[in-house]
Amino acid sequence: MVTLAYADDVAPASQNLEELQESLNRWNNALNEYGLRLNIEKCEVMTVSREESESVLRVGNDVLRETEEFKYLDVNFNGMELMEREINSRIGKMSAQVNLLYPLLKERTIARRVKTLLYTTILRPILTYGAETWKLTTKTESRIGAAEMRVLRIIYGVTRRDRIRNEVIRAELGVESVLEFVQRGAWMKTDCQNKCMNGNQKDEDRWGGQE
């Protein structure tokens, strides 16, 4: 059982429907105790599965509506675990910023070190935002790599016609592959989840069993 909470948004997730219903009941009871209530109209249920399935969750007598896709913290999720739409969105957002920064990235009087810093601090974070949730395919990996190299070639001052290998350009600029960057972030997320799960019992004791 994992619960994501940000500001007034809460997203419980579990592989067990009964456990999820119990969590929802605890949240509802705790809110009622303090004179608050769940906004049923804004509550949705999404089942992550490649097979058709139904997940019925209730708050009192109200059944929460099911959805096949939703956005949480500006990241698109869908029940089929297909992240192609989200990845295309991230590439589009980065490309828009690349167009704005193009005069700086192309300017030869600006040191490559400075332009590389623009990439690692502004452009790459836009591209990889929410990457910890991505389930990559060969197709999406290729698109992400192509988006990365478009920027690095501009910074390096070459085009694809120059036939300089991607590895050479990254090495010269001192930048790791964006796919390696994403994989490292995913590993850190898994490590963090394990630590959170190990400390879950302590948190329940601290908060009186409420999530």
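Source: prediction; values computed, not measured.

A.B. asks: So what exactly am I meant to see when it comes to the packing of aromatic side chains here?
C.D. replies: Between two aromatic rings, the relevant description is the distance of the centres plus the angle of the planes. Across all of its chains, the model carries zero aromatic pairs by this definition. Positioned over the ring face of Phe-181 is Arg-124, at 4.0 Å from the centre of the ring.

A.B. asks: What is the right way to read the environment of Asp-62 from this model?
C.D. replies: Its place among the elements puts Asp-62 in strand β5 (residues 62-63). On the accessibility criterion, Asp-62 (40% relative accessible area) is partly exposed. Expressed as a C-alpha distance, the spacing of Asp-62 and Ile-40, which sit 22 residues apart in the sequence, is 7.7 Å. Setting aside chain neighbours within four positions, we find Asp-62 in contact with Ile-40 and Leu-57.

A.B. asks: Before we go on, may I ask you to explain helix α3 (residues 112-128) in this structure?
C.D. replies: For an α-helix, 3.6 residues make a turn, and residues three or four places apart therefore share a direction. If you look at α3, its biggest bend is around 35°, right at Tyr-119. Those residues of α3 lying buried are Lys-115, Thr-116, Leu-118, Tyr-119, Leu-123, Arg-124, Leu-127 and Thr-128. Residue Gly-130 follows α3 closely and has a positive phi angle near 80°.

Cut-off values and rules
Residue positions are given per chain, counting from 1 as you read along its sequence in written order. Per-residue local features of the predicted model are confined to residues with pLDDT of at least 70, and side-chain atom pairs are confined, for both listing and counting, to 80 or more; whole-chain, interface and lining totals are unaffected and use all residues. Derived side-chain values reflect all non-hydrogen atoms in the structure, with water molecules and hydrogen atoms excluded from consideration. Pairing of aromatic rings covers Phe, Tyr and the six-membered ring of Trp, with a centre-to-centre limit of 6.5 Å; geometry is then stacked below 30 degrees between planes, edge-to-face above 60, and tilted otherwise. Charge-over-ring placement is defined geometrically: NZ (Lys) or CZ (Arg) within 6 Å of the ring centre, and within 35 degrees of the ring normal. Labels follow the DSSP assignment, with helices taken as runs of H or I lasting at least four residues and strands as runs of E lasting at least two, numbered in each case from the N terminus. The classification of residues rests on relative accessible area computed with a 1.4 Å probe and restricted to protein chains. Under 20% of the type maximum is buried, over 50% is exposed, and intermediate values are partly exposed. Contacts between residues were defined by any pair of non-hydrogen atoms, one from each residue, lying within 4.5 Å. Working definition for bend: take the seven residues up to and ending at a residue and the seven starting at it, fit an axis to each, and measure the angle between the axes.

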